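Close look at the chain arrangement
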Amino acid sequence: MIWPIDLAILTLVVIVGIGALMVKDLLGAAILFGAYSFMMCLLWTVMGAVDVAFTEASVGAGVSTVFFVGAVFRTSRRTKD
Amino acid sequence: MKITGLIVTILVGGLLIYAAADFPAWSDPNSPASTYLSPHFIEKTMEETSVPNIVTAVLADYRSFDTMFETTVIFSAGVAVFILLRTFRRKEPEARHYRHVLTGVTMRIKEGKLPPSDDFERIDTLWTPPDLIIKTVCRLLIPFIQIFGLYVIAHGHHSPGGGFQGGVILGASIIVLAISHNLRTVVKRMSEKLDAVLCAVGVLIYAGTGALCLLLGLNFMDYSALASVLFVDPIMARSHGILIVEIGVGIAVMCTMVWIYSNVSSRGRYEQGL
Amino acid sequence: MSDLISIIVANYNYWIYITLMMIGLYAMIAKNNLVKKIVGMNIFQTAIILFYVSIGVKKGATIPILQHGHGHGAHTVVHAVDYVNPLPHVLMLTAIVVGVATLGVALALAIRVYDRYNTLEEDELLAQIREK
């Protein structure tokens, strides 16, 4: 609930989100998506939603990154955009 | 497509920002969302269920019907991944690879014959030696991760946590085992069948608790009916009912995570894993 | 100056949620790679969660876990103004876990497509389907 931190993290979230979509390597996109999830987790801790933050830290930043890496490992890293 | 997408996005975004001007200001205590239903939950949860963590109480007690179907959705997602990806080999391969554990000698043995002694383990053609440091660290770490997962499930009444988070942490501990060793090690300890059965058992525990309340004479998911079974007063019965339900959620989520991971990472062949 | 800051603070969460949502929507429509589309889908989903959590924030309130002593603790009076609105948290907690399950299904579909057509790019997929 400290608004300067809230504003700073919100700005970073947008940058990391755009980065995850812009990077020309799917493995990089997966890792940046993990970073994005972790920023979101931080944001929810700031807003007082501790249960949601805990879930996002374990699910978004943990397991879904592993799923992405596994899927990229089994397909290809190449991407045109 | 890019131009069309951009136009659609900008139009919709502009419309939403125009609408956002009418929203109540951020962190306004008197916003409509915070004045209608939630004060009841905040003020009455401790009296009615004796659970300090309001989120857990609302999740598993007041809105338990909703959560039951969320668990069912997770279970169906696991089944969907299984049906989409799992491929069963119709014919056994002609030769299998076996590796001697102590010396690291790899043998190629024809189908139907067994390796000369018990010291051999079966490997795949893509096998790479696992790193010793990673293996040792993960082996030491996994028990603590699992204890933490169990703590998160059991202590969800008093601190952030609950069935979903604890289940994901338990599932992640098994995924760590699969990454640091290989998928065969996991399948040896927790077979695919057990995984699938436990998935369904988790959902069954949840729905069964609700049905038990129905059989004991109260509404579906009204845990105060469990008081006569658990020998406690109705308020504590609701607290215990939440714990039982959270355990069911934890089992279902854990097994679904492992199931989805092993299918996605091995492309449904259950061979090598990541 | 302080007026400007208070207006920005009052609305910044909503602006960012709309920005993220539109980034996700654009990625789902215009990106060529299937995995990038799935990343876009997840960003879209997180934006909606951000919206819900922003609704529940109250100024000067603490996390929704009640302070309690031993026993039932029914004798202490709880004021709703002191605690953050827990209802959006409950709705979004389950949404996150369901989100990872649907992510698994989406990735499984992508792997299946790659098995069949040996590519994840949308234009190459369409060209291969047209040839048949």
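Each chain carries its own residue numbering, running from 1 in the direction its sequence is written. Key to labels: chains lettered from A, ligands numbered from 1, both in the order written. Predicted model: local features are reported for residues with pLDDT of at least 70 only, side-chain atom pairs are reported and counted for 80 or more only, and whole-chain, interface and lining totals are derived from all residues. Note that water and hydrogens are dropped before the side-chain values are worked out from all heavy atoms of the structure.

Helix and strand counts for chain C come out as four helices and zero strands. Helix and strand assignments follow DSSP, with helices taken as H or I runs no shorter than four residues and strands as E runs no shorter than two, numbered in order from the N terminus. Start at the N end of chain C and walk to the C end: the helices and strands fall as α-α-α-α. On the principal axes, the C-alpha backbone points of chain C span a range of 75 × 50 × 15 Å. Type-normalised accessible area, obtained with a 1.4 Å probe on protein chains alone, sets the label of each residue: buried when under 20%, exposed when over 50%, and partly exposed for intermediate values. Taken over 132 residues, chain C has a buried fraction of 58%. Contacts are assigned to residue pairs with any non-hydrogen atoms lying within 4.5 Å of each other. Within chain C, contacts between residues at least 6 apart in sequence are counted, and of these 52% link residues at least 24 apart.

Across its full length, chain A carries three helices and zero strands. Traced from its N-terminal end to its C-terminal end, chain A shows the element sequence α-α-α. For chain A, the spread of C-alpha atoms along the three principal axes comes to 40 × 20 × 10 Å. Looking at chain A as a whole, 59% of its 81 residues qualify as buried. Partitioning the intrachain contacts of chain A with sequence separation of at least 6 by distance along the chain shows that 63% fall at a separation of at least 24. Note that accessible areas follow from Shrake-Rupley with a 1.4 Å probe, and for residues the cover is restricted to the protein chains shown. Summed over its atoms, the accessible surface of chain A is roughly 2,800 Å², and 80% of this surface lies on carbon and sulfur atoms. The sign given to each residue is positive for Lys and Arg and negative for Asp and Glu; His and the chain ends receive no count. The atom standing in for a charge is NZ when the residue is Lys, CZ when it is Arg, CG when it is Asp and CD when it is Glu. With 5 positive and 5 negative side-chain charges, chain A shows a spacing of 21 Å between the two charge centroids.

Residue and element names in this part refer to chain B. Side-chain rings of Phe, Tyr and Trp, where Trp is taken by its six-membered ring, are said to pair if the distance between their centres is within 6.5 Å; with planes under 30 degrees apart they count as stacked, over 60 as edge-to-face, and otherwise as tilted. If you walk through the whole model with that rule in mind, you get 13 aromatic pairs over all chains. Between the aromatic rings of F65 and F69, the centroid separation amounts to 5.3 Å while the plane-to-plane angle is 75°, which identifies the pairing as edge-to-face. Linking F65 with F69, this pair stays in helix α5 (residues 64-85), spanning four residues, or about one helical turn. By relative accessible area, which is 44% here, F69 ends up partly exposed. Here the aromatic rings of F65 and F220 are separated by 5.8 Å at their centres, their planes lie at 85°, and the arrangement is edge-to-face.

So, on to the interface of chain C and chain A. Each partner contributes residues to the interface: chain C has 48 residues there, and chain A has 42 residues. For the pair chain C and chain A, the two sides together bury roughly 3,900 Å², of which 77% comes from carbon and sulfur. Each salt bridge in this description consists of a side-chain nitrogen of Lys or Arg and a carboxyl oxygen of Asp or Glu lying within 4 Å of one another. The closest approach of N and O atoms between E124 of chain C and K80 of chain A, which form a salt bridge, is 3.3 Å. Within 3.5 Å is the distance limit for a polar contact, defined as a pair of N or O atoms, with the added protein rule that one can donate a hydrogen and the other accept it, and that residues adjacent in sequence qualify only through two side-chain atoms. The tally of links between chain C and chain A comes to nine residue pairs in polar contact (both at pLDDT 80 or more). Secondary-structure elements contributing two or more residues to the side of chain C that touches chain A are α1 (2-30), α2 (34-55), α3 (87-117) and α4 (122-131) of chain C. Buried area is calculated as the accessible area (1.4 Å probe) missing from two parts once they are joined, with the contributions of both summed.

What follows is about α1 of chain C. In this analysis, the expected span of each helix is defined as 1.5 Å times one less than the number of residues it contains. Between its terminal C-alpha atoms α1 of chain C stretches 40 Å, which fits the 42 Å expected from 29 residues at 1.5 Å a residue. The angle between axes fitted to the seven-residue stretch ending at a residue and the seven-residue stretch beginning at it gives the bend at that residue. Along its length, α1 of chain C reaches its greatest deviation from straightness, about 50°, at N11 of chain C.

Taken together, the contacts link 51 residues of chain C with 61 residues of chain B. Approximately 5,100 Å² of surface area, both sides summed, lies buried where chain C meets chain B, with 76% of it carried by carbon and sulfur atoms. For D115 of chain C, the salt bridge identified is with R267 of chain B, shortest N-O distance 3.3 Å. Scanning the region where chain C abuts chain B turns up 11 residue pairs in polar contact (both at pLDDT 80 or more). Within the residue set of the side of chain C that touches chain B, elements represented by two or more residues are α1, α2 and α3 of chain C. With 17 residues, the single largest contributor to the side of chain C that touches chain B is α3 of chain C.

Counting 123 residues, the largest nonpolar core has W44, F67 and F68 of chain A together with L20 and L50 of chain C as the members making the most contacts within it. With 18 residues, the top contributor of residues to this core is α3 of chain C. Setting aside anything within four residues of it in sequence, one finds F68 of chain A in contact with A30 and F33 of chain A together with V35, I38, V39, N42, L103 and L107 of chain C. Nonpolar core, defined: a set of buried Ala, Val, Leu, Ile, Met, Phe, Trp, Tyr and Cys residues in which side-chain atoms within 4.5 Å join the residues together.

A positive phi angle, near 60°, is found at S50 of chain B, a position not held by glycine. Looking at the element boundaries, S50 of chain B is found in the loop between α3 (38-49) and α4 (54-62). Since its relative accessible area comes to 12%, S50 of chain B is described here as buried. A positive phi angle, close to 60°, is found at N118 of chain C, a residue other than glycine. Turning to its location among the elements, N118 of chain C is positioned in the loop between α3 and α4.

Fine structural detail should not be taken from predicted coordinates in areas where pLDDT scores are low. Of all residues in chain A, 99% have pLDDT values of 70 or greater, and the mean over the chain is 89. pLDDT measures how confident the predictor is about each residue, on a scale from 0 to 100. The least confident element of chain A is helix α1 (residues 3-22) of chain A, whose mean pLDDT is 89; the most confident is helix α2 (residues 26-46) of chain A, at 91.

Residues and elements named next belong to chain B. On the surface, a cluster of nonpolar side chains totalling about 450 Å² of accessible area is made up of I3, I7, V8, L11 and V12. By secondary structure assignment, the location of I3 is in helix α1 (residues 2-20). By relative accessible area, which is 62% here, I3 ends up exposed. Here the term patch refers to residues with relative accessible area over 30% and no salt bridge, with like charges joined within 9 Å and nonpolar side chains (Val, Leu, Ile, Met, Phe, Trp, Tyr) within 5 Å.

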